[in-house]
Amino acid sequence: MLRWSVHLEGGPRRVNHAAVAVEHKVYTFGGYCSGEDYETLRQIDVHVFNTVSMRWMNLPPVRPLGHERAREVPYMRYGHTAVLLDETIYLWGGRNDTEGACNVLYAFDVNTHRWFTPKISGTVPGARDGHSACVLLKAMYIFGGYEQLADCFSNDIHKLDTTTMHWSLIDTMGIPASWRDFHSATIIGTKMFVFGGRGDHFGPFHSHNEIYCNQIEVFDTQTNTWLSRPATQLSPDGRRSHSAFCYKGELYIFGGYNANVDQHFNDLWKFSPEAFLWTKIEPKGKGPCPRRRQCCCMVGDGIILFGGTRARTVLSSLHANVMVWLL
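Residues numbered from 1 in each chain as written. Predicted model: local features only at pLDDT ≥ 70, side-chain atom pairs only at ≥ 80, totals over all residues. Heavy atoms only, no water.

1. Some points on the overall build of the protein chain
Inclusion rule: By the criteria applied, helices consist of DSSP H or I runs no shorter than four residues and strands consist of E runs no shorter than two, each listed in order from the N terminus. With the radius of gyration taken over C-alpha atoms, the globule rule is written as 2.2 Å times the number of residues to the power 0.38. Burial status follows relative accessibility: with a 1.4 Å probe on protein chains alone, a residue under 20% of its type maximum counts as buried, one over 50% as exposed, and anything between as partly exposed. Shrake-Rupley sampling with a 1.4 Å probe provides the accessible areas, and residues are treated as covered by the protein chains on show and by no other component.
Helix and strand counts for the protein chain stand at 1 helix and 33 strands. Rg of the C-alpha trace for the protein chain: 19 Å, near the compact-globule value of 20 Å for 327 residues, within the 12% margin. Each principal axis of the C-alpha distribution contributes one length, and for the protein chain these read about 60 × 45 × 35 Å. The 327 residues of the protein chain split such that 55% are buried. Accessible surface, the protein chain: about 14,800 Å² in total, of which carbon and sulfur atoms supply 51%.

Below is the structure:
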């Protein structure tokens, strides 16, 4: 049984932020809030939610030791990603109204709360936002997004080996997923499952003929192949800016937005990779209102979901979905 059990107000008001769960804490980085200054370069803010005390804390800004040190702290941005590997959070991509999109890799030590920029090699992905990032073993995979220099959607896959800090553009086989941004990509086993996002009818360039795919795309990281997949009879509506997470080998998605029908969602769906089957889930309790661009993190058997927007309202409320599975 699934039940929405907690509803808190008073957290950071953010959309298109990035968040990572570290044990019983959730670290959230940056994001956008209407009315705030995104033209002046300033340090990205870091908020921490303690799931035991149910309290938010805002980490103090880092005091740079000089010009070079200041460059190791990311500036405020939105549309970026963050992943956890061992005791380091890697933040990549995103954009700022002044600097535009970014392709610098930043690292955040969860023990010292200090930023640094690792020395990297290889083919660095082009600056973008709205991409996805997921982790398998010691590697981070970047897929899709909107590339600033090319001014188009992407469907490339880039891999960062964090043991060597080497970037590589993966030469994939099979029919790739279409160009898109603000999708989700989730690792289950050795496969990456891509759902949703915003694309265009006519290819990689944005002609304002938007499409919102509702089919699952599967990438095998062992063979670097996009796999053919059967059509699903029942599927969630196509959407972008939703949340996705894996629990006990199954994929869950929540919320999102479809501009073609001007609809925000607050539905919860489960996808079984083995059966290649979607099931709509109806949790108990009062759940979050329809929204997009929120963050969602797994903490133990619970889901921490916060932020997002509905129409022109930036939301600050936090919802926790506590899972109790009855066999």
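2. A word on the packing of aromatic side chains
So the rule is basically this: Put simply, two rings from Phe, Tyr or Trp (the six-membered ring, in Trp's case) pair if the centres are within 6.5 Å, and we call them stacked under 30 degrees between planes, edge-to-face over 60, tilted for the rest.
Within the structure shown, the criterion is met by 18 aromatic pairs. Judged by centre distance (5.0 Å) and plane angle (90°), the ring pair of Tyr146 and Phe153 falls under edge-to-face. Residue class for Tyr146 comes out buried when judged on its relative accessible area of 14%. Owing to a relative accessible area of 1%, Phe153 belongs among the buried residues under this scheme.

3. Some thoughts on the pattern of salt bridges
Under the convention used in this document: When a carboxyl oxygen of Asp or Glu lies within 4 Å of a side-chain nitrogen of Lys or Arg, that pair is called a salt bridge.
With the rule as written, the count across this model stands at 9 salt bridges. Linking Asp45 and Arg14 is a salt bridge whose minimum nitrogen-to-oxygen distance equals 2.2 Å. Remark: Arg14 occurs in the loop between strand E1 (2-8) and strand E2 (18-22) and Asp45 occurs in the loop between strand E3 (25-29) and strand E4 (46-50); sequence separation between them is 31 residues. Taking the shortest distance from any N to any O, the salt bridge between Asp267 and Arg239 comes out at 2.7 Å. Of this pair, Asp267 sits in strand E27 (residues 263-272) while Arg239 is found in the loop between strand E24 (225-227) and strand E25 (243-247), placing the two residues 28 residues apart along the sequence. Using a relative accessible area of 0% as the deciding quantity, one classes Arg239 as buried.

4. A closer look at the environment of Met165
The cut-off we apply is this: Contacts are assigned to residue pairs that have any heavy atoms within 4.5 Å of one another.
Within the secondary structure, Met165 sits in the loop between strand E17 (157-161) and strand E18 (166-169). For the pair Met165 and Ile120, spaced 45 residues apart in sequence, the C-alpha to C-alpha distance is 5.0 Å. Beyond its immediate stretch of four places on either side in the chain, Met165 contacts Tyr90, Leu105, Pro118, Lys119, Ile120, Ser121 and Leu160.

5. Overview of the pairing of strand E30 (residues 302-306)
The test is simple: At least two bridges found by DSSP between two strands is the condition for calling them paired.
With 5 of 5 residues buried, E30 is to be regarded as a mostly interior element. Here E30 shows a buried face lined by Gly302, Ile304 and Phe306 and a second buried face lined by Ile303 and Leu305. Note that strand E29 (residues 295-299) and E30 share 5 bridges and pair antiparallel. Across the sheet, residue Cys296 finds its bridge partner in E30, namely Leu305. Remark: 2 residues form the turn of the hairpin made by E29 and E30, two consecutive strands paired antiparallel; Gly300 in that turn has positive phi of roughly 65°.

6. With respect to the state of the cysteines
Quick reminder of the rule: Note on terminology: disulfide denotes any pair of cysteine sulfur atoms within 2.5 Å.
Within the structure shown, the criterion is met by 0 disulfides. The thiol of Cys134 is unpaired, and the distance to the nearest cysteine sulfur, on Cys246, comes to 11 Å. On the basis of relative accessibility, which here comes to 7%, the residue Cys134 falls in the buried class. Cys296 forms no disulfide, and the closest cysteine sulfur to it belongs to Cys297, at a distance of 6.8 Å. Here Cys296 falls in the buried class, since its relative accessible area comes to 17%.

7. Considerations on the nonpolar core
Here is the rule we go by: Buried Ala, Val, Leu, Ile, Met, Phe, Trp, Tyr and Cys residues that are joined via side-chain atoms within 4.5 Å together make up what is termed a nonpolar core.
Tyr27, Phe29, Ile89, Phe108 and Trp115 are the most contacted members of the largest nonpolar core, which totals 24 residues. When residues of this core are traced back to their parent elements, those giving at least two are E2, E3, E4, strand E6 (78-85), strand E7 (88-96) and strand E9 (106-109). Per element, the largest residue contribution to this core is 3 residues, and it comes from E2. Aside from chain neighbours lying at most four places away, what touches Tyr27 is Ala18, Ala19, Val20, Val22, Val46, His47, Val48, Leu59, Ile89, Phe108, Val110 and His113. Formed by 14 residues, the second largest nonpolar core is a distinct cluster that contains Tyr141, Ile170, Ala185 and Phe219.

8. A short note on the pairing of E17
Where a strand is regular, its side chains alternate between the two sheet faces. In the sheet, strand E14 (residues 139-143) pairs with E17 via 5 bridges, with the strands oriented antiparallel. Looking across to E17, one finds that Ala139 is bridged to Asp161. Taken together, the 4 bridges between E17 and E18 define a ladder with antiparallel strand orientation. Residue pairing across strands places Lys159 opposite Ser168, the latter belonging to E18.

9. Comments concerning the sheet that holds E14
With respect to topology, 5 strands assemble into an open sheet ordered E11-E18-E17-E14-E13, the strand pairing being mixed. Strand pairing shows two members of the sheet lacking a second neighbour, strand E11 (121-122) and strand E13 (132-136), which therefore form its edges.

10. Details of the sheet that holds strand E28 (residues 277-281)
As a reminder of what qualifies: Structural elements are reduced to axes, namely lines fitted to C-alpha atoms, with helices fitted over the stretch in contact, and the angle between N-to-C directions of any two is expressed from 0 to 180 degrees.
Taking strand neighbours across the sheet as the criterion, the 4 strands line up as E25-E26-E27-E28 in an open arrangement whose pairing is antiparallel. Strand pairing shows two members of the sheet lacking a second neighbour, E25 and E28, which therefore form its edges. Neighbour-to-neighbour, the strand axes of this sheet turn through a mean angle of 25°, independent of strand direction.

Honestly, it's all geometry; don't read function into it.
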